[in-house]
Structures are given as structure tokens and as C-alpha cells.
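One-letter residues, chain by chain:
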Amino acid sequence: MTAASIAWTTSVLVIVVASVLLTVLVRQRDRARDELARTDPLTGLGNRRALVESGEPLLASGRGLGLLLLDLDGFKDVNDTLGHAAGDEVLVQVARVLTATVGDRGPVTRLGGDEFAVLVPAPGPGDDLEVVAKRLLAALSVGSFHAGVVPIDLQGSIGIAVAGVDGNSLGELLQHADIAMYAAKRSRVGVLRYDAASDPHSAGGLELLGQLRGAMDADQLELHYQPKVSGDGSRLVGFEALVRWNHPTRGFLLPADFLPFVERTNLIHPLTRWVLITALRQAATWRAQGVDVSMSVNISAVTLDAGLLGVVEEALALTRWTPSALVLEITETAIINDPEGARATVAKLRERGIRVSVDDFGAGSTSLGHLRGLAVHELKIDRQFVSEMVAHPEDEVIVSSVIALAHQLGLVVVAEGVETLASADRLCALGCDELQGFFFARPLPAEKALAWARTEGMAGAAVELR
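Just so we're clear, the structure is a prediction, and the values are computed from it rather than from any experiment. (Residues numbered from 1 in each chain as written. Predicted model: local features only at pLDDT ≥ 70, side-chain atom pairs only at ≥ 80, totals over all residues. Heavy atoms only, no water.)

**So, the overall build of the protein**
Part 1 of the argument: Secondary structure summary: the protein contains 17 helices and 17 strands in total.
Part 2 of the argument: For the protein, the share of sequence-separated contacts (at least 6 apart) that also reach a separation of at least 24 residues comes to 67%.
Part 3 of the argument: By element, 56% of the accessible surface of the protein is carried by carbon and sulfur atoms, the whole surface being about 21800 Å². (Helix = DSSP H or I, 4+ residues; strand = E, 2+ residues; numbered from the N terminus. Contact = heavy atoms within 4.5 Å. Areas by Shrake-Rupley, 256 points an atom, 1.4 Å probe, with all protein chains shown as cover.)

Here it is in C-alpha cells:
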């Protein structure tokens, strides 16, 4: 072989080797870029793209697929109070806990913010997915999370959707799991499976919303009234108005059956107006009949804005009701979601002489310090603590602490969900100001509520405590 041939062959080999090396490097680069595109940079978990790429083949295989969508409750407070760097630190810890808890059951992905998803291939029969979901929430509740040296307590809500039943594409499963998750968050049950009948975007939900538009005019809505008694059980102090819908075909619907739909539409505003006017008109009628007590009305977080005072003023004027005898109950969630807006609205209501109560206290993450800034009059301890306090001493410790601290802030404390004599007796001993629950009376139609007030509420109440 001549020198020229050797040189030519060497050149070709160099070019070939260089081409192969370049191809390998390009492929490695592309794989690295692809991996980065599928990875959440904060937690190292897969991201939304990874979820889609993992889920679509599983859907196509027809072997079954469940999707769990988890959102941390009140996590905004961590970012707002400690900063986003601290929040990111906690999210990394959450990712580790979720991954360790799920194990090989399915991949965990972070969709963004404090929202995580778990794909469970070929879920088992029965409540297998709910078992997995509850295991995740239990791991969060006992997990040791810290932002620097600050300990963080976390809770979550999970929505479940199952392929073939709740959707046939990953997009549908995500949408329906999201609806179920927010329903779980609103109802504070932790875990909920998607239910098309409760989906405001489903055909049934849209039909229900359409029917509600005429329900008020057709007298299908009515209010039931649950008594609130003094802490020693000796006398009636007020009623809470609770809306019911006598649906012509679906029967008697409770608020949980239709309010989640209404809160996503402008119908919540006329419904709030109707409830306020109807409740105060009934209270004024009872006052004329010798039953003079306060009236409590629940206010949706959606209506807790600058326009609320005008609606309340209108209701007071139409019914000639005393502002100080009206109690507006706002949920703890409303305070958490918009603390500044809540503070401004509550201040205006207080200036008018209207009492404001924080409902479901303890279900979220509001502190008593926040309540002092809100200048509310009353708080209602969430029923989950009240109903379990006799069987679980740690719940009684929580209730006792809340009562003591609230009294130091000058707040009236109401315990809801009182279902037994034992819990009523303990609450009385702890100094709770007012009690409410099935032990005294269930929510009653107006006529029965008046009869209860005359026979039991105004004549020594239902029971003698302590």
C-alpha cells in the first residue's frame, strides 16, 4: 500500500470515527435534554410531560390505570410567611415522602406548585386506590417537614379518577381528578373519587345549574334552622340558617349536593341574597312571636368581597332586623385564600355592628393571631375535634387550648358537631360559650324550629349540663 493510500485510508477512518463519536455525543445530548424536559428541576420527580408519556402507553394497553391528584392544603401560607425558598425546601421533602410511600406502586410526578400526581397501573378492585391515597395523606400528616429550623405541619387533599370509568384519555383523567380533589378540599374529607353527578361541568351539573335559576322563583328552596344553645345547655341563643332544595325529581338536596356548582357561577350572589333576606325575615317573624334570638348565615368565600356589605344592608333594611343580632359565618378557607380582602370586608361589617364568625376553625391553618387582626367576634371549633374529643384526649387538649386562647382575645367560642351528652358535658366544663349539634336538635323547618324554641329552647333548653 502506497503512502498516499495509507493516508487516504487513515483520513477515512478518522472521519468515520469522528462521525460515530459525534453521533454518540449528539444522542447523549438529546437524551440529556429530553430527560431534563421530563424532569421537575426542583424535586427531581417527573413533570407533566413525564406523566403524559408514562400514562398514554398504560391507557393504550387497556390494563387499567388510576390517577391520584394531590394538593397541599394551605401551602400558600408557607411561601407567604417564610418565603419561596423555604417553600421549595419543604416541597423537596414532600417529594421524598410521597415517593417513599408509593414505592413501586406507581410513578410520582410534580405538576407544578404544590400539586403532585401518582399513576397507579392496573389498580386492584374495591377501594385499593383510596387505600393508597389515604396512606399518602397519613404519611404527610406524620411527616417531619422543616423550613430551616421551623417545623411545618402539612395536610393534603386527593382526587381520584379511574381510566375507562372517569375518562378515556389522560387529559380527562387529570381534569376529573382535579375536580374531585377540589371537592375533597371543600368538604375537608381528604380523599374523594370523581363523581360525574357532582361535576359542574358535566351534563348533569349543567342541568342542575339551569334548574337552580328558577328554583328560587318556584319556591323549591327553603331554609332549615339549627339551634345554638348556651354553653351550659340552659337556653337557646340563636339559630343557624341552612339552605335546602326540594328538587322536583331528585328529591331533598343538601347544600353539598349543589353549592359546589353554584360557587363556580354568578348564581352564588342571588342565592346569598335570597338566603339572607329569607333568614332575617323569619327571624323578625319569630321575634314578633316572642322568640328573640340571633340568626347566623353562612357566607361563601366567593361572595366575601366589597359588594357583600351592600347585600347585607339591603337584607337588613327589607326585614328591619337588628345588625347586632345577625352573625355572618365565613369559613377559615376564605381567610386563608385572601387574608387582606377578608380583613377589609370584616372591618366594614364590624363598623356596621354586624357580628362575624369564623366557621370550621381548625380545619385549615389560620392562627389565632390572624383572628386578632381580623377583628371577628366569634369562632366555631371544627366538628372533627368536637366529635372525637371524648374518645381522643389529644383532641380535647386542642379544644381546651382554643377556648382558652380565644377567650383571651375576647372571642365567643361555639362548638359545632355536638352529638353526645359526654361531649356536651366536657365542653361545658371547658367553658365553651355556645353549643350546636344533633344532640340538641338537627336542622329543622321553620315551624318545627319555632316549636322547639318554645318547648325546649326557651323553657330550660334540652339538657342540664354539669
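**Examining the pairing of strand S12 (residues 326-331)**
Part 1 of the argument: Burial runs high along S12: 5 of the 6 residues are buried.
Part 2 of the argument: As paired strands, strand S11 (residues 294-299) and S12 are joined by 5 bridges and run parallel to one another. Within the sheet, the bridge partner assigned to Asn298 lies in S12 and is Glu329.
Part 3 of the argument: At this point the chain moves from S11, through helix H10 (residues 308-319), to the parallel S12, and the crossover so formed is right-handed. (Buried < 20%, exposed > 50% of the residue type's maximum accessible area, 1.4 Å probe, protein only. Pairing = 2+ DSSP bridges. Right-handed = clockwise from strand over helix to strand, strands pointing away.)

**Details of the state of the cysteines**
One covalent bond between the sulfur atoms of two cysteine residues makes up a disulfide.
Part 1 of the argument: Counting across every chain of the model gives 0 disulfides.
Part 2 of the argument: Cys428 takes part in no disulfide bond, and the closest cysteine sulfur, belonging to Cys432, lies 9.3 Å away.
Part 3 of the argument: Cys428 gets classed as buried once you look at its relative accessible area, which sits at 17%. (Disulfide = S-S within 2.5 Å.)

**Notes on helix H16 (residues 421-430)**
Part 1 of the argument: Buried residues of H16: Ser423, Ala424, Leu427 and Cys428, and no others. Down the axis of H16, the sector holding all buried residues measures 140°, keeping them to one side.
Part 2 of the argument: Positioned one or two residues after H16, Gly431 has a phi angle of 90°, which is positive. (Arc of directions from axis to C-beta.)

**A look at the nonpolar core**
Part 1 of the argument: One finds Met295 and Leu326 to be the most contacted residues of the largest nonpolar core, which totals 79 residues.
Part 2 of the argument: The biggest single contributor to this core is helix H9 (residues 268-288), with 10 residues.
Part 3 of the argument: Those residues in contact with Leu326 that lie beyond four places of it in its chain are Leu276, Leu280, Met295, Val297, Val312, Leu316, Trp321, Ile354 and Arg355.
Part 4 of the argument: If you look at the next biggest cluster of nonpolar residues, it comprises 31 residues, including Leu70, Leu72, Ala86 and Leu129. (Core = buried A, V, L, I, M, F, W, Y, C linked by side-chain atoms within 4.5 Å.)

**Overview of the side chain of Ser157**
Part 1 of the argument: By the element assignment, Ser157 lies in strand S6 (residues 156-162).
Part 2 of the argument: Residue Ser157 is classed as buried on the basis of its relative accessible area of 2%.
Part 3 of the argument: A polar side-chain atom of Ser157 sits 3.0 Å from a polar atom in the side chain of Asp73.
Part 4 of the argument: Apart from the residues within four sequence positions on either side, Ser157 is in contact with Leu69, Leu70, Asp71, Asp73, Leu137, Met181, Ala184, Lys185 and Gly190. (Polar contact = N/O pair within 3.5 Å; in protein donor to acceptor, adjacent residues only side chain to side chain.)

**Topic: the packing of aromatic side chains**
Part 1 of the argument: Per the stated rule, a full pass over the model turns up 4 aromatic pairs.
Part 2 of the argument: Taking the centre distance of 5.0 Å and the plane angle of 70° together, the rings of Tyr225 and Trp286 count as edge-to-face. One end of the pair, Tyr225, is in strand S8 (residues 221-230); the other, Trp286, is in helix H9, with 61 residues separating them in the sequence.
Part 3 of the argument: Considering the side-chain rings of Phe439 and Phe440, the 5.1 Å spacing of their centres and the 75° angle between planes classify their relative orientation as edge-to-face.
Part 4 of the argument: Overall, the relative accessible area of 27% leaves Phe439 in the partly exposed class.
Part 5 of the argument: Using a relative accessible area of 6% as the deciding quantity, one classes Phe440 as buried.
Part 6 of the argument: Grouping aromatic residues by their ring pairs yields a cluster made of Tyr225, Phe239 and Trp286.
Part 7 of the argument: Lying across the ring of Trp321, Arg287 places its NZ or CZ 3.9 Å from the centre. (Phe/Tyr/Trp six-rings, centres within 6.5 Å; stacked < 30°, edge-to-face > 60°. Lys NZ or Arg CZ within 6 Å of the ring centre and 35° of its normal.)

**Section: the sheet that holds strand S7 (residues 191-193)**
Part 1 of the argument: Strands sit in the order S2-S3-S1-S6-S7 across an open sheet of 5 strands; the sheet is mixed. The two strands at the open ends of the sheet, each matched to only one other strand, are strand S2 (108-112) and S7. Averaged over all neighbouring strand pairs, the angle between strand axes comes to 25°, with direction disregarded.
Part 2 of the argument: Judged from the 7 bridges that link them, strand S1 (residues 65-72) and strand S3 (residues 115-121) form a sheet pairing that is antiparallel. Directly across from Gly66, in S3, lies its bridge partner Val120.
Part 3 of the argument: Along the sheet, helix H5 (residues 128-142) contacts S1, S3, S6 and S7; its crossing angle with S6, the most-contacted strand, is approximately 165°. (Axes fitted to C-alpha atoms, helices over the stretch in contact; angles between N-to-C directions.)

**Describing the packing of helix H4 (residues 84-102) against H5**
Part 1 of the argument: Where H4 meets H5, the closest approach of the two axes is 10 Å, and the angle between their N-to-C directions is 140°. The angle between H4 and H5 places the two elements in the oblique class. Read as a crossing pair, H4 and H5 show a hand that is right-handed. Between H4 and H5, the residues in contact are Val94, Val97, Leu98, Thr101 and Val102 and Arg135, Leu136, Ala139 and Leu140, respectively.
Part 2 of the argument: Grouping the constituent residues of the contact of H4 with H5 by class yields 7 nonpolar, 1 polar and 1 charged. (Parallel < 35°, antiparallel > 145°, perpendicular 65-115°, else oblique. Left-handed = near helix turned anticlockwise from the far one by under 90°. Nonpolar A, V, L, I, M, F, W, Y, C, P; charged D, E, K, R; others polar.)

**Brief notes about the pattern of salt bridges**
Part 1 of the argument: Summed over the entire model, instances satisfying the criterion amount to 16 salt bridges.
Part 2 of the argument: A salt bridge links Arg110 to Asp40, with the nearest nitrogen and oxygen atoms 3.0 Å apart. Remark: Asp40 occurs in the loop between helix H1 (3-37) and helix H2 (48-61) and Arg110 occurs in strand S2; sequence separation between them is 70 residues.
Part 3 of the argument: A residue is classified by how much of its surface remains accessible, and Arg110, at 12% relative accessible area, is buried.
Part 4 of the argument: Take Asp40: its relative accessible area is 8%, and that puts it in the buried class. (Salt bridge = Lys/Arg side-chain N within 4 Å of Asp/Glu carboxyl O.)

**A word on H2**
Part 1 of the argument: Its 14 residues give H2 an end-to-end C-alpha distance of 20 Å, which sits within 8% of 20 Å, the value for a rise of 1.5 Å per residue.
Part 2 of the argument: Every buried residue of H2 is listed here: Ala50, Leu51, Gly55, Leu58 and Leu59.
Part 3 of the argument: At the N-terminal boundary of H2, the capping side chain belongs to Asn47, with an oxygen 3.1 Å from the backbone nitrogen of Arg49.
Part 4 of the argument: Immediately beyond the C-terminal end of H2, within one or two residues, lies Gly62, with a positive phi of roughly 75°. (Expected span 1.5 Å × (residues − 1).)

**Observations regarding the packing of H10 against helix H12 (residues 339-351)**
Each packed pair of helices is defined by two parameters, the angle between the axes and the distance between the axes.
Part 1 of the argument: Axis separation between H10 and H12 bottoms out at 10 Å; the angle between their running directions is 25°. By the angle class used here, H10 and H12 are roughly parallel. For the pair H10 and H12, the crossing hand works out as right-handed. On H12, the residues that touch Leu308, Leu309 and Val312 of H10 are Thr345, Lys348 and Leu349.
Part 2 of the argument: Its residues placed into classes, the contact of H10 with H12 shows 4 nonpolar, 1 polar and 1 charged.

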